[in-house]
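Examination of the molecular architecture
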Amino acid sequence: MADPLRATVRSLYRNILSRIVSLPVEKRAGALEQLRSGFRANAHISDEPTLAKLVQQGNSKLAFLKMITPTPTGEMGGNTGTFVFRDGKVQDGRAGAVAGARHSSYDATNLDPDMVARHQRLSDRQHFGRRR
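To keep things clear, this report deals only with the structure shown in the data block.

Another aspect to go through is the overall build of the chain. Each helix and strand in the chain was counted, giving 4 helices and 2 strands. Ordering the α and β elements of the chain from the N terminus gives α-α-α-β-β-α. Per-residue burial for the chain yields a buried fraction of 14% across its 132 residues. For the chain, long-range pairs separated by at least 24 residues make up 48% of all intrachain contacts whose partners lie at least 6 apart in sequence. Just so you have it, the chain exposes about 11100 Å², and 54% of that area is on carbon and sulfur atoms.

Core analysis: the largest hydrophobic core is formed by 13 residues, its most contacted members being Leu12, Ile16, Ile20, Leu23, Val55 and Leu65. Those elements that provide at least two residues to this core are helix H1 (3–20), helix H2 (25–41) and helix H3 (48–68). The leading source of residues in this core is H1, at 5 residues. When residues no more than four places from it in sequence are discounted, the contact partners of Leu12 are Phe39, Val55, Gly58, Asn59 and Leu62.

Moving on to the packing of aromatic side chains. What the rule picks out here adds up to 1 aromatic pair. Seen from their ring centres, Tyr13 and Phe39 are 4.9 Å apart, and the 80 degrees between their planes marks the pair as edge-to-face. You can see Tyr13 sitting in helix H1 and its partner Phe39 sitting in helix H2, a full 26 residues away along the chain. With a relative accessible area of 24%, Tyr13 lands in the partly exposed category.

Right, let's get into H1. For H1, built from 18 residues, the straight-helix expectation of 26 Å at 1.5 Å per residue is met to within 8% by its first-to-last C-alpha distance of 26 Å. All of the buried residues in H1 are Leu5, Val9, Leu12, Ile16, Arg19 and Ile20. Buried positions in H1, seen along its axis, are confined to an arc of 100 degrees and lie on one side of it. The exposed residues of H1 that point more than 90 degrees off its buried face are Asp3, Pro4 and Arg14. The inward-facing, buried residues of H1 abut H2 and H3.

About the cut-offs
Residues numbered from 1 in each chain as written. Predicted model: local features only at pLDDT ≥ 70, side-chain atom pairs only at ≥ 80, totals over all residues. Heavy atoms only, no water. Helix = DSSP H or I, 4+ residues; strand = E, 2+ residues; numbered from the N terminus. Buried < 20%, exposed > 50% of the residue type's maximum accessible area, 1.4 Å probe, protein only. Contact = heavy atoms within 4.5 Å. Areas by Shrake-Rupley, 256 points an atom, 1.4 Å probe, with all protein chains shown as cover. Core = buried A, V, L, I, M, F, W, Y, C linked by side-chain atoms within 4.5 Å. Phe/Tyr/Trp six-rings, centres within 6.5 Å; stacked < 30°, edge-to-face > 60°. Expected span 1.5 Å × (residues − 1). Arc of directions from axis to C-beta.

Below, the structure written as structure tokens:
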């Protein structure tokens with residue numbers, strides 16, 4: 001087996017193994033045994049087309065495991081969280097209440113005069129209802 005292909009197979013094995021660890025306990029042992037027996041049964045294969053086909057099958061199984069298992073810690077990167085832009089700098093945290101935020105007491109049962117005015121402005125802007 002060529003070195004790049006050997007590295008690909010090892011990487012695939014490690015990636016599948018890391019996903020199997022995330023499976024529920026009752027499924028983990030069977031999946032681990034299936035992984036080990038599958039790789040051991042095909043360890044003697046040396047022709048490139050067959051190996052490429054097996055690697056493709058392994059990638060397919062890895063893709064399925066990625067869909068059914070949670071993302072391992074650290075895989076999403078370290079830049080996850082809540083950030084706020086204050087005083088020209090990005091800081092950790094949540095935004096506070098906006099001072100002077102507009103509040104409307106109108107809901108779906110009555111018409112908000114601000115929204116009616118906005119609707120009228122947009123309708124005029126888009127030339128709806130104008131006759132020439």
